[in-house]
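Examination of the molecular architecture
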Amino acid sequence: MRCFGCLCCYNNITNWNEYQFLAEESVALRTLFDKLWDGHEVRDDGDGASLVAIDRVFLHERTGGVALKSLLASNRAPVDPSRVYSVMDHIVSFAPDRARDDARSPGGEVFITQTREMATKAGVNIIDTDDPRQGIIHVVAPELGLVLPGMSIVCPDSHTCSLGALGALAVGVGTGDVEHAMATGVLRLKKPAQMRIVVEGELKPGVTAKDVALHIIAKFGADGGRLRAIEFAGSTIRNFDIEARLTLCNMAVEFAAFTALIAPDEKTLAYVRSRPNETFAEYWDKCLTDWARLHSDEGAVFEEEIAIDAADIEVMATWGTSPEQAAPVSWRIPVRDELHGAQTAKANAAFSYMGVVDGEDFDTLRINGAFIGSCTNGRLSDLRLAAAVLKGRKVADHVHAVCVPGSKAVKAAAEAEGLDKIFTEAGFVWGSPGCAMCFYAGGETFAPGARIISSTNRNFEGRQGPSVRTHLASPSTVAASAIAGRIVAADPAILKVVNS
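Note that the structure is a prediction, hence the values are computed from the model and not measured.

**Some remarks on the overall build of the chain**
Each helix and strand in the chain was counted, giving 18 helices and 19 strands. Compactness check: the chain gives a C-alpha radius of gyration of 22 Å against a globular reference of 23 Å for 500 residues, within 12% of the reference. Taking all 500 residues of the chain together, the buried fraction comes to 61%. Just so you have it, the chain exposes about 18,500 Å², and 50% of that area is on carbon and sulfur atoms. Side-chain charges in the chain split into 49 positive and 63 negative, and the spacing between the mean points of these groups amounts to 2 Å.

**Thoughts on the nonpolar core**
In terms of nonpolar packing, the biggest core is built from 141 residues, with Phe58, Ile197, Phe232 and Phe423 touching the most fellow members. The element that contributes the greatest number of residues to this core is helix H14 (residues 380–390), accounting for 7 residues. When neighbours within four sequence positions are excluded, Phe58 is seen to be in contact with Tyr85, Ile137, Ala141, Leu146, Val147, Ile153, Val154, Cys155, Pro156 and Leu163. Of all hydrophobic cores here, the second largest spans 10 residues; its members include Met437, Ala450, Ile452 and Val468.

**Focus: the sheet that holds strand S9 (residues 194–200)**
Strands sit in the order S11-S10-S9-S12 across an open sheet of 4 strands; the sheet is parallel. At either margin of the open sheet sits one strand with a lone partner, and together these are strand S11 (259–261) and strand S12 (304–309). With direction set aside, neighbouring strand axes in the sheet form an average angle of 20°. Here strand S10 (residues 229–233) runs beside S11; their pairing, made up of 3 bridges, is parallel. Considered in S11, the bridge of Ile230 is made with Ala260. Each of S9, S10 and S12 is contacted by helix H7 (residues 209–220), which is oriented at about 120° to S12, the strand it contacts most.

**Looking at unusual backbone geometry**
At Ser374, a position not held by glycine, the phi torsion is positive, near 90°. Along the chain, Ser374 falls in helix H13 (residues 374–377). In this structure, Ser467 is a non-glycine residue whose phi angle is positive, near 65°. Structurally, Ser467 is set in the loop between strand S18 (451–454) and strand S19 (469–472).

**Side note on the side chain of Glu61**
Among the structural elements, Glu61 can be located in the loop between strand S3 (56–60) and helix H3 (64–73). Comment: no salt bridge for buried Glu61; closest opposite-charge side chain is Arg104, at 6.8 Å. The contact partners of Glu61, leaving out residues within four places of it in the chain, are Val87, Met88, Asp89, His90, Ile91, Val92, Phe111, Ile112 and Thr115.

**A closer look at the pairing of S9**
The buried fraction of S9 amounts to 6 of the 7 residues, a majority that puts the element mostly inside the structure. Where S9 lies against S10, 5 bridges are found, and the strand directions are parallel. Within S10, the residue paired with Arg196 across the bridge is Glu231. Between the parallel pair S9 and S10, the chain is carried across by H7, and the sense of this crossover is right-handed.

**Some words on the environment of Ser455**
Tracing the sequence through the fold places Ser455 in the loop between S18 and S19. Not counting the four nearest positions on each side in its chain, Ser455 is found in contact with Lys210, Phe371, Ile372, Gly373, Ser374, Thr376, Asn377, Ala473, Pro475 and Val478.

**As for the confidence of the model for the chain**
Looking at the chain as a whole, the pLDDT averages 93, with 93% of positions reaching at least 70. Within the model, the stretch residues 1–5 combines pLDDT values under 50 with 25 contacts to residues more than four positions away or in other chains. In the predicted structure, residues 7–26 sits below a pLDDT of 50 and forms 50 contacts with residues beyond four places in sequence or in another chain.

**Regarding the packing of aromatic side chains**
One pass over the full model with this rule turns up 7 aromatic pairs. Pairing Trp284 with Trp291 gives two aromatic rings, centres 5.6 Å apart and planes at 85°, and the pair type is edge-to-face. A residue is classified by how much of its surface remains accessible, and Trp284, at 10% relative accessible area, is buried. Here Phe423 and Trp430 contribute two aromatic rings whose centre-to-centre distance is 5.5 Å and whose plane-to-plane angle is 35°, an arrangement assigned as tilted. Judged by its relative accessible area of 0%, Phe423 is buried. Each residue in the set Phe33, Trp37 and Phe258 is aromatic and connected to the rest through ring pairs, giving one cluster. The ring of Phe351 carries the charged tip of Arg336 above its face, separated from the ring centre by 4.1 Å.

Parameters and conventions
- Residues numbered from 1 in each chain as written.
- Predicted model: local features only at pLDDT ≥ 70, side-chain atom pairs only at ≥ 80, totals over all residues.
- Heavy atoms only, no water.
- Helix = DSSP H or I, 4+ residues; strand = E, 2+ residues; numbered from the N terminus.
- Rg over C-alpha atoms; globule rule 2.2 N^0.38 Å.
- Buried < 20%, exposed > 50% of the residue type's maximum accessible area, 1.4 Å probe, protein only.
- Areas by Shrake-Rupley, 256 points an atom, 1.4 Å probe, with all protein chains shown as cover.
- Lys, Arg positive; Asp, Glu negative; His and termini not counted.
- Charge placed at Lys NZ, Arg CZ, Asp CG, Glu CD.
- Core = buried A, V, L, I, M, F, W, Y, C linked by side-chain atoms within 4.5 Å.
- Contact = heavy atoms within 4.5 Å.
- Pairing = 2+ DSSP bridges.
- Axes fitted to C-alpha atoms, helices over the stretch in contact; angles between N-to-C directions.
- Salt bridge = Lys/Arg side-chain N within 4 Å of Asp/Glu carboxyl O.
- Right-handed = clockwise from strand over helix to strand, strands pointing away.
- pLDDT = per-residue confidence, 0-100.
- Phe/Tyr/Trp six-rings, centres within 6.5 Å; stacked < 30°, edge-to-face > 60°.
- Lys NZ or Arg CZ within 6 Å of the ring centre and 35° of its normal.

In structure tokens:
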């Protein structure tokens, strides 16, 4: 038997031995995903699905209260409440002076109060709106050391795949699935096929992890991931810091991935060691031994492999209503005659909704709003890049610009560096942490028909409000566009200074 560093065995939280979920050492060549799966497989049901042990369950107030209420109503309780974390992030107000129960949508406070009540009854961990640890779950979980290499994690949010950046098996599931995982400690999952995306070489100045993600999705399509478990590898990925890796894995679901992951390395270990998690401190040496195995064996087989030259990637922005409808900002929007088949039908609908013209240059698109934040690009490194672009400059008069840090820890760190002043002096609203304008939930949003540039992850029709037209880009591109009042890339010389 062997362990991959998941806390369920170290904490002796429950009698996991009866499940025998730690797989026997195999002589076969294994991918990183194989090793994570084998390390948590309780039982192979023989029909392509398995019972998989779950180390962490994360909830948020949009659906967490519902899951907990249903669980308790059935006279069940979490098998181990200490491994369940309920976080307030989706519906909370992002107003700078928000009160404890303030929601950003009319009547939304019921999500907050019900989740708080149910979490208290169930005895699970609560990261409440007034907690200094509060923030978007995919931001705070790594911050707080709640995600470790080798763990299995589920959350009723599709961007849970972000956490695979630390070498974890992290899957977004439905509300009923997390209820089952809380009650039993296991979940029935079908093992997916696998894909490896290898990015090699040095990125051009100003190109970020967000641009890498948009490049991949634009080149291979929004369904290119084919519900596979995707491992990102290559020198470009190794050169990314942990926050950039979180951004890349976050966007994998927009590529139709089952999940995404990156093998742990020295950067991962340094990051994990710096987190305020003392639970595994006495097991550190054991963790290092087990985590050293968390990589794909040389010669391990993937169902599909993609190779990308980093030099081919440009600063990107979307022009349509899907992340796949993206192009380099220095280029132009496609001409529909250049497209083929299904691309043409999708483009026709996108052109109509977005109000763009065939062959139009990006820098002719006048924007009305700009948003920086979300679980994709709301971390401290994101805010530093945007602040470098904004410093000493002003947002265009016709642009309503908002920045919402991904967590209270990010907000506090940014304020300690004076980044908040750079944002506010430039004309940005500096908000309270949460998902905020990533998706429309009623309440405050951009005006109908407004053209927005956003550091978020989705841009389908109405995502940020009725008739709002959203262009996805990196935080630095959002900041540069907010200043120009139109879609432009940031001066790479500025970003080179920050990155150095």
